[in-house]
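Examination of the molecular architecture
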Amino acid sequence: MSMTQTQKIIAAACGRDKVIPGEIVLAKLNMVLGNDITAPVAINEFRKAKIDKVFDKDKIALVLDHFTPNKDIKAAEQSKLVREFAREKNITHFYDVGQAGVEHALLPEKGLVTAGDVVIGADSHTCTYGALGAFSTGVGSTDMAAAMASGKAWLRVPEAIKVVLTGSFKKNVSGKDLVLHLIGLIGVDGALYQSLEFVGEGVKNLSMDDRLCVCNMAIEAGAKNGIFPVDEKTLDYLKKHKAQEPRVFEADKDAVYAREIQINLDELTPTVAFPHLPENTRTFKDIPKDLKIDQVVIGSCTNGRLSDFVTAAEIMKGRKVHENVRCMIIPATQQIYLDAMKMGLFEIFIDAGCAVSTPTCGPCLGGHMGILAEGERCVATTNRNFVGRMGHPKSEVYLASPAVAAASAILGRVAEPGEL
Amino acid sequence: MILKGKALQYGDHVDTDVIIPARYLNTSDPRELASHCMEDIDRDFNKKLEPGDVIAAGNNFGCGSSREHAPLAIKTAGVSCVIAKSFARIFYRNAINIGLPIVVSDLDIKEGDRITVDLDQGVLTNETQGTQDKFPPFSPFLQGIIASGGLMNALKEGQL
Ligand code: SF4
């Protein structure tokens, strides 16, 4: 039987010629990930089960990124628990404040994931690495605990939705607009239990940062994973980041898909997801011109990469953040921070009146570094706008691209870059 | 196993941020998490809940983050079972991995209805409305995990 790209990777990881959608298999893992919120729960489970050895100290990544630098005593205790475990087990890929960054920006950057890998992470946005041609998906802490012990995870083989991309983006349109458009089209459970496989001649026009952003939000459509084919851009990226030798899997020509969706990138325009679901998308012809905002956040595992700050800086250069707006700039990793600094982007942001933060998840999940009060409104380049996600249950988050976020910061309302 | 309780009813897309807001994730203590369970969608959740009650919801229950703190908070609060039209996949696997029973069903359930769930027979009964639905049993592999009392026990018994 013919298989999709995802099915082929899963089959290889359980040493089989083929797998069938719906069946449950045990797959061998190339990387197991956890953070300062999910790893403590996993570590407690691991210890409770009286297991003393991890399956492979080089295949576990522990990243302290959510409530770090620690926001309070409880958060500090959680981090301490992870730190002690990492030292005791001699975990190679342990990242503490000073080396850490938002996990899903950090792992690809450090070359810890390559094409053909199977990765699970106790964080829902683990699906990000599909951009590299890997199968990666989010799981819970108990899964992580079992995986740290056995190096395996149970997986239900997913069906796939084929998303065929044609054309290329117009100015001020990016991967974020593509993925928001897609979620608006199919809904937050539109791909439940399924893979989103991106194909078509439009793929080559997407940068790696765009692909990482698109796969990052696959979970916002309920998908198990998002995945791109491996092309020259992927191979260059993997080489540059010194990842392991890629194993390239291609979908069979006659692979069966649950559904096919066509998207012409030429037709996309800046897109915003209104509160309180990522599927509430609108384009600017339907967005009122008086939607005043209080805060802008540019960062996160979705849009906290270098190209995102380059885009935002181009728009902010020589301009001032609106007097009623606080604007947070949060590079996702130390390397991105350093690169942005060397490029002079921080000067542009600080001149404009932004606050530049050390890498952290921070406000993305309502942790710290920019929590919203009752009734406040924020435009964020993050990935979720659920009730209370960034603070008070009566605050509002509008999800958008870095270009829209930067323009909104300047104009003090939800605004399009073209308006400047 | 037979579970009995009244239903607390919620709609579609109940996300993990309302089940347990991130501001409480600086702890992994189950009791403390349970005390804030569903707080952002229903302030009175813990007041209304009696041990054994069930949560009944619409589509995509538990969407959003992978936080296992969500099913853990629900289970520790005293909920015996979550019934929904569909579940988000990470919530689904977390519930199985920690041993919180979940049932996929379209049966019409209103706030306060008396519910009986027969997990072995796969029968869900709304005693108040006098209606019933059958649900398919879990696959043998998942039944193995549930029978062992969760994933870590299954691991120790050599099932993984
Ligand atoms: S940046 Fe936001 S979505 Fe990404 S891992 Fe951190 S909290 Fe999760």
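This text follows the structure it describes.
Residues numbered from 1 in each chain as written. Chains lettered and ligands numbered in written order. Predicted model: local features only at pLDDT ≥ 70, side-chain atom pairs only at ≥ 80, totals over all residues. Heavy atoms only, no water.

Now for the site of the ligand. Residue and element names in this part refer to chain A. With respect to spatial proximity, 13 residues lie near the ligand, and among them H125, C301, C361, C364 and N383 are the closest. At the level of elements, α4 (103-109) and α9 (300-303) are the ones that each hand at least two residues to the shell around the ligand. Here the residues of the shell around the ligand are counted per class, giving five nonpolar, five polar and three charged. (Near = heavy atom within 4 Å. Helix = DSSP H or I, 4+ residues; strand = E, 2+ residues; numbered from the N terminus. Nonpolar A, V, L, I, M, F, W, Y, C, P; charged D, E, K, R; others polar.)

Another aspect to go through is the sheet that holds strand β9 (residues 195-199) of chain A. Residues and elements named next belong to chain A. Across the sheet, which stays open at both edges, the four strands sit in the order β10-β9-β8-β11 with parallel pairing between neighbours. Two strands bound the open sheet, and with one partner strand each, they are β10 (225-227) and β11 (259-264). Within this sheet the neighbouring strands show an average axis-to-axis angle of 20°, counted without direction. The pairing of strand β8 (residues 160-166) with β11 spans six bridges and is classified as parallel. (Pairing = 2+ DSSP bridges. Axes fitted to C-alpha atoms, helices over the stretch in contact; angles between N-to-C directions.)

All names here are of chain A. Enumeration over the complete set of coordinates arrives at 30 salt bridges over all chains. Among the salt bridges present, the one from D56 reaches K59, with a minimum N-O distance of 4.0 Å. Judged by its relative accessible area of 29%, K59 falls in the partly exposed class. Here K89 ties to E88 by a salt bridge, and the two come within 2.9 Å at their closest N and O atoms. (Salt bridge = Lys/Arg side-chain N within 4 Å of Asp/Glu carboxyl O. Buried < 20%, exposed > 50% of the residue type's maximum accessible area, 1.4 Å probe, protein only.)

Further remarks concern the packing of aromatic side chains. The way to describe two aromatic rings as a pair is by their centre distance and the angle between their planes. Taken as a whole, this structure holds 12 aromatic pairs over all chains when the rule is applied. On the basis of an interplanar angle of 55° and a centroid distance of 6.3 Å, the ring pair of A:W154 and B:F141 is categorised as tilted. Residue A:W154 is located in strand β7 (residues 152-156), and its partner B:F141 is located in helix α6 (residues 140-148); the two belong to separate chains. Cluster of aromatic residues (ring-pair linked, three or more members): A:Y193, B:F61, B:F87, B:F91, B:Y92 and B:F138. Directly above the aromatic system of A:F274 lies the positively charged group of A:R282, at a separation of 4.0 Å from the ring centroid. (Phe/Tyr/Trp six-rings, centres within 6.5 Å; stacked < 30°, edge-to-face > 60°. Lys NZ or Arg CZ within 6 Å of the ring centre and 35° of its normal.)

Helix α5 (residues 89-98) of chain B packs onto helix α5 (residues 141-150) of chain A with a crossing angle of 65° between their chain directions and a minimal axis gap of 8 Å. Classified by the interaxial angle, the pair formed by α5(A) and α5(B) is roughly perpendicular. Packed against α5(A), whose contacting residues are A:S141, A:T142 and A:D143, the element α5(B) presents B:R93, B:N94, B:N97 and B:I98 at the interface. Of the residues belonging to the contact of α5(A) with α5(B), the class tally is one nonpolar, four polar and two charged. (Parallel < 35°, antiparallel > 145°, perpendicular 65-115°, else oblique. Contact = heavy atoms within 4.5 Å.)

Attention now moves to helix α8 (residues 232-240) of chain A. Residues and elements named next belong to chain A. Of the residues making up α8, those classed as buried are T234, Y237 and L238. Buried positions in α8, seen along its axis, are confined to an arc of 95° and lie on one side of it. Residues of α8 that are exposed and angled more than 90 degrees away from the buried face: E232, K239 and K240. Turning to α8, the residues buried within the fold contact α4 and α7 (208-216). (Arc of directions from axis to C-beta.)

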